[in-house]
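Reading the structure
Spelled out from the first residue to the last, the chains are:
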Amino acid sequence: MPATDDLDTQKRAYATWAKFYDRIYQRLLARPQREAVDAACACGPDILEIGVGTGLTLPYFTPDSRVFGADLSFDMLKVAHRKVAEQKLAHVRGLMVMDACRLGFGPERFDAVTAQFVITLVPDPEQALAEMDRVLKPGGEIIISSRLIDDGGLLAPFWTGLAPLMRRIGWSTDFKVSRLTGWGAATGRYETVHVGRGYFKVVRLRKLASA
Ligand SMILES: C[S@@+](CC[C@H](N)C(=O)[O-])C[C@H]1O[C@@H](n2cnc3c(N)ncnc32)[C@H](O)[C@@H]1O
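Computed from a predicted structure; not experimentally measured.

Quick notes on the rules
- Residues numbered from 1 in each chain as written.
- Predicted model: local features only at pLDDT ≥ 70, side-chain atom pairs only at ≥ 80, totals over all residues.
- Heavy atoms only, no water.
- Pairing = 2+ DSSP bridges.
- Helix = DSSP H or I, 4+ residues; strand = E, 2+ residues; numbered from the N terminus.
- Right-handed = clockwise from strand over helix to strand, strands pointing away.
- Buried < 20%, exposed > 50% of the residue type's maximum accessible area, 1.4 Å probe, protein only.
- Phe/Tyr/Trp six-rings, centres within 6.5 Å; stacked < 30°, edge-to-face > 60°.
- Near = heavy atom within 4 Å.
- Polar contact = N/O pair within 3.5 Å; in protein donor to acceptor, adjacent residues only side chain to side chain.
- Areas by Shrake-Rupley, 256 points an atom, 1.4 Å probe, with all protein chains shown as cover.
- Salt bridge = Lys/Arg side-chain N within 4 Å of Asp/Glu carboxyl O.
- Contact = heavy atoms within 4.5 Å.
- Axes fitted to C-alpha atoms, helices over the stretch in contact; angles between N-to-C directions.
- 1 Å grid on protein atoms, 1.4 Å probe; cavity = no way out; pocket = protein on both sides within 12 Å on 5 of 7 lines; lining within 4 Å.
- Points joined across faces, edges and corners; volume = space filled by probe spheres on them.
- Disulfide = S-S within 2.5 Å.

With that settled, consider the pairing of strand 3 (residues 92–97). One face of the sheet, then the other: side chains in a regular strand alternate in exactly this way. For strand 2 (residues 66–71) and strand 3, the ladder comprises five bridges, and the chain directions are parallel. From the neighbouring strand, Phe68 faces strand 3, where its bridge partner is Gly94. Once you follow strand 2 into helix 3 (residues 74–86) and on to strand 3, the crossover reads as right-handed.

Structural data, given as structure tokens:
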């Protein structure tokens with residue numbers, strides 16, 4: 001999973017990844033992906049999935065949901081489009097090329113916004129979060145799954161030390177949960193309702209109904 005500040009480099013990398021992404025990640029990511037999708041569906045039918053990629057998560061949404069997927073990579077989206085057609089995923093209402101930091105949707109459009117295995121790749125995660133916030137209805141949730149580390153975790157220094165090396169081969173190992181929960185708290189509009197455990201974590205931030 002390439003972590004780079006250059007969006008064009010990111011697009012080129014995912015043009016290659018698109019060919020074999022599912023074979024490598026389908027089973028590996030299924031647990032957190034399903035958990036995130038279940039939480040999103042519980043929020044309401046209108047859901048935006050940012051960094052939808054090849055659409056691995058799309059079959060997990062309930063038939064009554066109305067899902068839009070956005071991704072930087074046209075090549076990843078091509079695989080997602082094929083999946084939607086082959087599996088007749090009628091709940092998928094649109095898949096579009098879009099940067100997480102500049103979403104082409106109006107304010108308060110969605111009941112939930114999910115971002116799975118993408119936030120650590122975005123050069124400005126806080127800007128992406130601000131965009132998720134803009135398009136999310138009050139009472140809705142931002143649901144993020146990724147490789148995230150706990151601040152106080154015993155292995156945190158190890159993962160932080162390893163980060164520069166791992167970044168060279170395109171992996172992010174040092175993105176902290178507190179970067180997400182801290183952002184939510186700083187807005188004054190979000191409460192953290194869930195922080196998962198394990199190597200891949202799901203974090204859920206709920207926008208206050210009165211926000
Ligand atoms: C590791 S893949 C995850 C795909 C999918 N969410 C999943 O869980 O299988 C990361 C995806 O995020 C996309 N991506 C990276 N940076 C992005 C950005 N700034 N805006 C939108 N999508 C982005 C990549 O093109 C790629 O499809």
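Having seen the model, we can carry on.
The backbone of Lys88 sits at a positive phi, close to 50°, despite the residue not being glycine. Secondary-structure assignment places Lys88 in the loop between helix 3 and strand 3. For Lys88, a relative accessible area of 70% translates into the label exposed. In this model, Glu108 sits at a positive phi of 50°, which is unusual for a non-glycine residue. Here Glu108 is to be found in the loop between strand 3 and strand 4 (110–116). By relative accessible area, Glu108 is classed as partly exposed at 43%.

Under the criterion given, the structure shown has ten aromatic pairs. Consider the rings of Trp17 and Tyr25, whose centres lie 5.6 Å apart with planes at 40°: the pair is tilted. Classification of Tyr25 as buried rests on a relative accessible area of 2%. Ring centres 5.2 Å apart and planes at 45° place the aromatic pair Trp183 and Tyr190 in the tilted group.

For the ligand, the set of nearby residues contains 21 residues, the closest of which are Gln33, Gly51, Asp71, Ala100 and Gln116. Note that a nitrogen atom of the ligand is positioned 3.2 Å from one of the backbone N or O atoms of Leu72. Here Gln116 contributes a backbone N or O atom positioned 2.8 Å from a nitrogen atom of the ligand. For the ligand, whose unbound accessible area comes to 590 Å², protein coverage reaches 100%.

We now examine the pattern of salt bridges. Between side chains of opposite charge, a pair can form when the charged atoms approach closely. Scanning the entire structure with this criterion turns up 15 salt bridges. The residue Glu126 makes a salt bridge to Arg179 at a minimum N-O spacing of 2.8 Å. Remark: Arg179 occurs in helix 6 (residues 177–187) and Glu126 occurs in helix 4 (residues 125–135); sequence separation between them is 53 residues. What makes Glu126 partly exposed here is its relative accessible area of 28%. With a relative accessible area of 37%, Arg179 lands in the partly exposed category. Shared partners join several salt bridges into a network, and the residues in it are Asp46, Arg66, Arg109, Asp111 and Lys137.

Next up on the list: helix 4. Taken together, the buried positions of helix 4 are Pro125, Ala128, Leu129, Glu131, Met132, Asp133 and Val135. Among the structural elements, strand 1 (46–50), strand 4, strand 5 (136–147), helix 6, strand 6 (190–195) and strand 7 (200–207) are those in contact with the buried residues of helix 4.

This part covers the sheet that holds strand 2. In space, the seven strands of this open sheet follow the order 3-2-1-4-5-7-6, with mixed pairing throughout. Every other strand in the sheet has two partners, leaving strand 3 and strand 6 as the edge strands with one partner each. With strand direction ignored, the average angle separating the axes of adjacent strands in the sheet is 15°. By the bridge criterion, seven bridges tie strand 5 to strand 7 in an arrangement that is antiparallel.

What follows is about the layout of surface pockets. Of the volumes computed, that of the largest pocket is approximately 440 Å³. If you go around the largest pocket, you meet 33 residues; those closest to its centre are Gly51, Asp71, Phe117, Val118 and Leu121. Of all the secondary structure elements, the ones that give two or more residues to the lining of the largest pocket are helix 1 (7–17), helix 2 (21–43), strand 1 and strand 2.

A few words now on the state of the cysteines. Tallied over the entire structure, the rule returns zero disulfides. Distance from the sulfur of Cys41, which forms no disulfide, to the nearest cysteine sulfur (Cys43) is 8.8 Å. A residue is classified by how much of its surface remains accessible, and Cys41, at 19% relative accessible area, is buried.

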